[in-house]
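The primary structure of each chain is shown beneath.
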Amino acid sequence: MENYSKANILILNLIISIFQLQVHSSHAIPNQDVSYMKFVHNATDLPRKEEFDYIIIGGGTAGCPLATTLSSKFSVLLLERGSDPNKYPSVLNEQGLLKAFDTEDDGKTPFQHFVSEDGVENIRGRVLGGGSMVNAGFYSRAHKEFFESAGVDWDMELVEKAYEWVEESVVSQPILKDWQSAFRSALLEGGIVPDNGFDLRHLVGTKTGGSIIDDKGNRHGAVELLNKADPKNLKVAIEATVRRILFSDLSANGVSYLDSKGKLHTAFIHEKGEIFLSAGAIGSPQLLLLSGIGPKSHLSSLKLPVVLHQPHVGQSMTDNPRFGTNIILPFQVVPTSGKVVGILQDNIYFQSIASPSPFLVPPTFSLLPPHPTSINPTLAIFFGKFSEVHSKGSLKLNSSIDVKKSPIVQFNYYSHPDDLARCVKGVRKLGDVFKTPTLEKIKTQNLKGNKGFMFLGLPLPGNLWNDSAVEEYCKKTVATYWHYHGGCLVGKVVDGNYKVIETENLRVVDGSTFSVSPGTNPMATLMMLGR
Ligand SMILES: Cc1cc2nc3c(=O)[nH]c(=O)nc-3n(C[C@H](O)[C@H](O)[C@H](O)COP(=O)(O)OP(=O)(O)OC[C@H]3O[C@@H](n4cnc5c(N)ncnc54)[C@H](O)[C@@H]3O)c2cc1C
Ligand SMILES: *[C@@H]1O[C@H](CO)[C@@H](O)[C@H](O)[C@H]1NC(C)=O
Ligand SMILES: *[C@@H]1O[C@H](CO)[C@@H](O)[C@H](O)[C@H]1NC(C)=O
Ligand SMILES: *[C@@H]1O[C@H](CO)[C@@H](O)[C@H](O)[C@H]1NC(C)=O
């Protein structure tokens, strides 16, 4: 990544400390329906050996609705390495969230930090509810072509019903406050039309999407989908870290997991039962590898016994690069996560958040403003993404024993020229949005009396028609949109019914199976898939 000078770091620290002074000390009063807590257990309280019809590894975005669905007919154990989200009021509340990313990772916070080999900072959920408890909450269904892509024979009626099942419980229509309204106007003025009002579907134009964060700022994550479970049939264990899946030949028959005291437990499945891996795009390929399913050469180099040579496990790791820029606003706005999106023809799209904290700014502070005009500045952060990424990478284990150690992930951002071309197109469009009357209002006068945006980090390139300048900008400012996926693709690692190819009683249901990030934001489709 870029070098930046000590002076800039000092200025940055100063700005961060100013930001931190105004952190809301509001104690979020949990306003979530926590009835699921009656069947949530601390793994330390569970027996050393148990049997169920189904075992689900990972109580995340897809894992929670999956557990609820199976519990209507079967006995289910859901194992989650993270803790109870109610322990972290900051993640249950929109204002708290915008701040919480800054927290140090002590191995216990709901945010697990990781840095890919590309040098890009990233985050994984480590809490019951998974990514849906730490994300920005934007809810939007998949684009049509997602269901046409090879591999899965979707029953579109069931898909529709499953989305609705999710939406009736956790999704609401946001009321736009100052910043999201302004951003919406700017998108429309910048030519991202038509105005599609409020819509959960993926449509070209500008729309207000759904949100799992309600108007009071309370999050309704995947955990609340557990409220619909049959409590007699579902047991959820938290602080239960699965070490490996157990096999008899090629049939999965159980799992071994650690509780927070480091004690080992095993759980087995009944005959005709199954194990579901829903540990996310990093966790699922990692667990398959630790369990002996993966490329033989990699497993052997770590002295792991090979259950099945499967060259595709951990391959096609993909992250949607985030492009965009950050502007210090010359006036106060209510901090907000993204509620509005502008979508272009080829699935390039834009969102914006207003944040009191610069946590989202990639470390390329080469052009800091001389001084913030206000002592309580808010940053407007403009994001762009494209759904279909051609640059692929891979995931390897960093430890053959310790599942808590993050695997080594490389995404190879912009290694494919099509991705760079999409970014260039996106940045150029952002340039149009920046020329609108609405965004004119966030310009300030500098010491020489010229009007301009107060960028934090690199400003947009001066000449947006110079391809190489924009390409350079894309590469220099690359960050994550947190929609990383792949590692256990449909058609490669799992079949069209999400069964791990060549094995018995084992499926993968989560973002690791995606070859493309669905629609604008993947959470809706992951919840639908779990259902
Ligand atoms: C900062 C951020 C902002 C985002 N914003 C949005 C947004 O606004 N809208 C949107 O649609 N998407 C957003 N996303 C993306 C979205 O949240 C994720 O794509 C989605 O949550 C992934 O779901 P999943 O089921 O694949 O995995 P997860 O939800 O991550 O679930 C995996 C679960 O498995 C657990 N696990 C992993 N390993 C083990 C193990 N060994 N033993 C036991 N448990 C284990 C994890 O702790 C986790 O709870 C965002 C993501 C982030 C990080
Ligand atoms: C689970 O129990 C262990 C041991 O008593 C304790 O250290 C841990 O904090 C408990 N976790 C939760 C979420 O209660
Ligand atoms: C684990 O990662 C560290 C740091 O990146 C590296 O030095 C070490 O060689 C890796 N170990 C394995 C087994 O890959
Ligand atoms: C385009 O940008 C590149 C890279 O910044 C620069 O070297 C080149 O001179 C620019 N070309 C024009 C015509 O401005």
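Shown above is the structure to which this text applies.
Residues numbered from 1 in each chain as written. Chains lettered and ligands numbered in written order. Predicted model: local features only at pLDDT ≥ 70, side-chain atom pairs only at ≥ 80, totals over all residues. Heavy atoms only, no water.

### A few points about the overall build of the protein
Reasoning step 1: When you go through the protein residue by residue, the secondary structure sums to twelve helices and 26 strands.
Reasoning step 2: Buried positions account for 57% of the 531 residues belonging to the protein.
Reasoning step 3: For the protein, restricting intrachain contacts to residue pairs at least 6 apart in sequence, the fraction spanning at least 24 positions comes to 73%.
Reasoning step 4: When the accessible area of the protein is evaluated, it comes to approximately 21,300 Å², of which 52% is carbon and sulfur surface. (Helix = DSSP H or I, 4+ residues; strand = E, 2+ residues; numbered from the N terminus. Buried < 20%, exposed > 50% of the residue type's maximum accessible area, 1.4 Å probe, protein only. Contact = heavy atoms within 4.5 Å. Areas by Shrake-Rupley, 256 points an atom, 1.4 Å probe, with all protein chains shown as cover.)

### Side note on the site of ligand 1
Reasoning step 1: Taken together, 37 residues are adjacent to ligand 1, and T61, E80, R81, F138 and M523 come closest.
Reasoning step 2: G125 is positioned with one of its backbone polar atoms (N or O) 3.4 Å from an oxygen atom of ligand 1.
Reasoning step 3: Here a nitrogen atom of ligand 1 sits 2.8 Å away from a polar atom, N or O, in the main chain of F138.
Reasoning step 4: Considered on its own, ligand 1 offers 1,000 Å² of accessible surface; in the complex 95% of this is hidden by protein.
Reasoning step 5: Within the shell around ligand 1, the residues separate by chemical class into 17 nonpolar, 16 polar and four charged. (Near = heavy atom within 4 Å. Polar contact = N/O pair within 3.5 Å; in protein donor to acceptor, adjacent residues only side chain to side chain. Nonpolar A, V, L, I, M, F, W, Y, C, P; charged D, E, K, R; others polar.)

### Some remarks on the site of ligand 4
Reasoning step 1: Taken together, the neighbourhood of ligand 4 is formed by N466, S468, A469 and E472.
Reasoning step 2: The contact in question runs from an oxygen atom of ligand 4 to an N or O atom on the side chain of N466, over 2.4 Å.
Reasoning step 3: When its residues are assigned to classes, the shell around ligand 4 shows one nonpolar, two polar and one charged.

### A few points about the sheet that holds strand β20 (residues 378-386)
Reasoning step 1: The mixed open sheet is built from seven strands, whose spatial order is β7-β8-β18-β19-β20-β17-β25. Two strands lie at the open edges of the sheet, namely β7 (195-198) and β25 (479-480), each paired on one side alone.
Reasoning step 2: Across two bridges, strand β17 (residues 321-329) lies against β25 in antiparallel orientation. Its bridge partner being in β25, R322 is matched across the sheet by A479.
Reasoning step 3: Here helix α6 (residues 178-189) sits on the sheet in contact with β7, β8 (205-208), β17, β18 (340-343), β19 (348-355) and β20, set at roughly 150° to β19. (Pairing = 2+ DSSP bridges. Axes fitted to C-alpha atoms, helices over the stretch in contact; angles between N-to-C directions.)

### Considerations on the packing of aromatic side chains
Reasoning step 1: Applying the stated rule across the entire model yields 19 aromatic pairs.
Reasoning step 2: Residues F146 and W154 carry aromatic rings whose centres are separated by 6.0 Å and whose planes lie at 40° to one another, so their mutual orientation is tilted.
Reasoning step 3: For F146, a relative accessible area of 8% puts it in the buried group.
Reasoning step 4: When its relative accessible area of 17% is taken as the criterion, W154 is described as buried.
Reasoning step 5: On the numbers, 6.0 Å between centres and 75° between planes, the contact of W179 with F382 is edge-to-face. With W179 in helix α6 and F382 in strand β20, this pair connects stretches of sequence that are 203 residues apart. Each member of the pair W179 and F382 is classed as buried.
Reasoning step 6: Residue placement shows K228 over the ring face of W165; its charged tip is 4.2 Å from the ring centre.
Reasoning step 7: Its end group placed over the ring of F453, K443 keeps NZ or CZ at 5.2 Å from the ring centre. (Phe/Tyr/Trp six-rings, centres within 6.5 Å; stacked < 30°, edge-to-face > 60°. Lys NZ or Arg CZ within 6 Å of the ring centre and 35° of its normal.)

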